[in-house]
Each structure stands twice: as structure tokens, then as C-alpha cells.
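The primary structure of each chain is shown beneath.
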Amino acid sequence: MKTSAPSSSIEDYVKVIYSFTEWQDKPITSSQLAQRLGVANSSVSEMVRKLKDQGLVDHKPYSAVTLTEAGLRLALAMVRRHRLIETYLVQRLGYSWDEVHDEAEQLEHAVSDTFIERVAAKLGNPRRDPHGDPIPTADGQVLMPDAHLLAGLDQGHTGRITRISDDNPELLRYLAAQEIDLDAEVEVLGRKPFGGALVVRISGPDGPREYDLADEIAAALWVSTDTPHPGCLLDGS
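Residues numbered from 1 in each chain as written. Predicted model: local features only at pLDDT ≥ 70, side-chain atom pairs only at ≥ 80, totals over all residues. Heavy atoms only, no water.

**What about the pattern of salt bridges?**
Cut-off, in case you're wondering: We define a salt bridge as a side-chain nitrogen of Lys or Arg found within 4 Å of a carboxyl oxygen belonging to Asp or Glu. Numbering of helices and strands runs from the N terminus, with a helix taken as a DSSP run of H or I at least four residues long and a strand as a DSSP run of E at least two residues long. When accessible area is computed with a 1.4 Å probe and restricted to protein chains, residues below 20% of their type maximum are described as buried, those above 50% as exposed, and intermediate ones as partly exposed.
Counting across every chain of the model gives 15 salt bridges. Across the pair R160 and D183 runs a salt bridge whose closest N-O atoms are separated by 3.5 Å. Of the two residues, R160 sits in strand β4 (residues 158-164) while D183 sits in the loop between α7 (169-177) and β5 (185-191), which places them 23 residues apart along the sequence. Classification of R160 as partly exposed rests on a relative accessible area of 35%. A relative accessible area of 38% places D183 in the partly exposed class. With a closest N to O distance of 2.9 Å, E187 and R201 form a salt bridge. Taken together, the positions of E187 in strand β5 and R201 in strand β6 (residues 198-202) put the pair 14 residues apart, joining distant regions of the chain. Note on E187: relative accessible area 28%, which makes it partly exposed.

Pasting the structure below:
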């Protein structure tokens, strides 16, 4: 019997569930799903039951929502679509990185698999999107960079910016104005007293500059490190 294609709502749900857990280990709750999707808790409860009936999620009352193997496959396919479209919009159509998310949200449901694969080929099969998020391969493989939140790094830590969260377009515009971008080298110099800003040195087109970063900014930047510094506080270093 022929099965119908998933609805755009189902595709959005599994994509959000996956994206929530991509850069951290905590699973998403129904209330967090509602907040991220901008819908009522009752709507989420109904959709989660539907997703469970279709074998896309595992969920018990008052517990977190997790993807099944089938749900993960669908989520990765949608994430691939979204991030390839974002990359195409930036590289070929001149969009700025704060503009592409909403456009990709619309387009990812409308285009065919053939279109997506031709976009991938045209772009040279990129491995990450404009914000540094990895683009899953056509067969669902994901190469996650070994990166840590800048907010959690201690004084003396060095590395390069590997990922910038796209949750807040205003923050992306601020970073662009400050010429803070992917692959910039960064060094943690310390923190202002009494819970003040994180002080960092970041490379840019005109050389390195010092910045006082508020917590919201430091929590949106991920840093990859090749060589841990002496006394590094990261686990396993």
C-alpha cells in the first residue's frame, strides 16, 4: 500500500526535535517544543501522539520526546534540505546570514529531492551551512565538529569559531557589524569582575580586536580547539 508523504507540520516537528539535541545532550520536552514552534501546549500534545502513532517519536506522559530511527531519518532529510537552501541563498543569491532561516523554512517543503541534490552538486556538496551547522549527507551521515560553547571556556583558551547559533537574527546582524564570523581565531582573555562580560580577542579582516561579550553572545558562539592550553578545564583535555 502506498503511504502518503509526511505533512509539513510533521517535517517541522521532527526537524525541531533533532535540532534541539544536535549541539547538546538533553532531550526536548513538549513545553520546549511548543515554545520553539510558537504553538499551544495542547497542539503539541496532539501532534506528539500523531508522531508516536506513525513511529517517528518515542514519548511517555510527562517525559521528553525522542526520535525513533525512522524519525531521525526524516529529520536529517529535512535538516539537509534546510541547510542546503540556506547555503544557496547566501552563496548564490546574496542573502545575508540573518535573512536565510525564514526563507529556507518556506522553501524546504516546496522543492523536490531532485532540486535539493542539484543544489548540493552546484555548491560542491558543502559540509556546513552559513552558520557552521553541519549539512547531513544524502544518506544521513553527519560530521559534527568537536566544538565547545565560548561561554564555557576559561582564560587562555584559544581556537576558532566553528558555529554561530542562528536563533536570533538581531544577534547575527550585530556579529556581522562587528566583523565576527566563522573560522575567526579567538582567545579568551578573562572575564570582567562581578559577573561581567567575557573578554576575548578575535581575529578579523583588519587584524585581531578585543571584545567584551555579553553572556547571550558568548552562549551563541562555538569554538573548536586544536591544542588545549595548560590547565584547560575542559573534560578530557
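**Quick notes on the packing of helix α1 (residues 8-22) against helix α4 (residues 69-93)**
The line we're drawing: Between N-to-C directions, angles cover 0 to 180 degrees, with each direction set by a line fitted to C-alpha atoms, over the stretch in contact for helices. Roughly parallel refers to an angle under 35 degrees, roughly antiparallel to one over 145, roughly perpendicular to one between 65 and 115, and oblique to any angle outside these ranges. Contact definition: two residues touch when any of their heavy atoms are within 4.5 Å. For this scheme, ten residues count as nonpolar: Ala, Val, Leu, Ile, Met, Phe, Trp, Tyr, Cys and Pro. Four count as charged, namely Asp, Glu, Lys and Arg, and the remainder, Gly too, count as polar.
Viewed as axis vectors pointing N to C, α1 and α4 meet at an angle of 90 degrees, and their least axial separation amounts to 8 Å. As the angle between them shows, α1 and α4 are arranged roughly perpendicular. Contact residues: α1 offers I10, E11, V14, K15, Y18, S19 and E22, while α4 offers G71, L72, L74, A75, L76, M78, V79, H82 and R83. Taken together, the residues of the contact of α1 with α4 sort by class into nine nonpolar, three polar and four charged.

**Structural notes on α4**
Because an α-helix packs 3.6 residues into every turn, residues spaced three or four apart end up facing the same way. As a reminder, the rule being used: The span you would expect from a helix comes to 1.5 Å times its residue count less one.
Taking 1.5 Å per residue as the helical rise, α4 with its 25 residues ought to reach 36 Å, and the 35 Å between its terminal C-alpha atoms agrees with that figure. Immediately downstream of α4, the backbone of G94 shows phi near 75 degrees, a positive value.

**Side note on helix α3 (residues 41-53)**
Selection criterion: This arc corresponds to the set of directions leading from the helix axis out to the C-beta atoms.
When the terminal C-alpha atoms of α3 are compared, their 18 Å separation across 13 residues agrees well with the 18 Å that a helix rising 1.5 Å per residue should span. Turning to α3, its buried residues number three or more, namely V44, M47, V48 and L51. The buried residues of α3 occupy an angular sector of 105 degrees when projected down its axis, which confines them to one face. The exposed residues of α3 that point more than 90 degrees off its buried face are S42, E46, R49 and D53. Elements that come into contact with the buried residues of α3 comprise α1, α2 (30-37) and β1 (57-58). Remark: G55 follows α3 within two positions and exhibits a positive phi of approximately 75 degrees.

**Considering the pairing of strand β7 (residues 209-213)**
Test applied: Strand pairing is assigned whenever DSSP identifies at least 2 bridges connecting the two strands.
Bridge count between β6 and β7: five bridges; the pairing is antiparallel. Residue pairing across strands places V200 opposite Y211, the latter belonging to β7. Taking the residues that link successive antiparallel strands as the turn, the β6-β7 hairpin has six residues, and the phi of G207 there is positive, at about 105 degrees.

**A look at the sheet that holds strand β3 (residues 147-149)**
Spatially, the six strands line up as an open sheet ordered β3-β8-β4-β5-β6-β7, and their pairing is antiparallel. In this open sheet, the two strands that pair with only one neighbour each are β3 and β7. Neighbouring strand axes in the sheet, compared pairwise and without regard to direction, differ in orientation by 40 degrees on average.

**Observations regarding unusual backbone geometry**
Phi is positive for E179, which is not a glycine, with a value near 60 degrees. Examined against the element boundaries, E179 turns out to sit in the loop between α7 and β5.

**Comments concerning empty space enclosed by the protein**
Rule in force here: In this analysis a 1.4 Å probe is tested at points of a 1 Å grid over the protein atoms alone, and where it fits but cannot get out there is a cavity; an open set with protein on both sides within 12 Å along at least five of seven lines is a pocket; lining residues have an atom within 4 Å of a point. Grid points are joined across faces, edges and corners, and a volume is the space filled by probe spheres set on the points.
Enumeration according to the criterion identifies one cavity of 30 Å³ or more in this entry. Considered as a void within the structure, the largest cavity measures approximately 30 Å³ in volume.

**Examining the side chain of S30**
Tracing the chain through its elements places S30 in helix α2. Taking the relative accessible area as the measure of exposure, S30 reaches 18% and is therefore buried. Setting aside chain neighbours within four positions, we find S30 in contact with N41, V44, H59 and V65.

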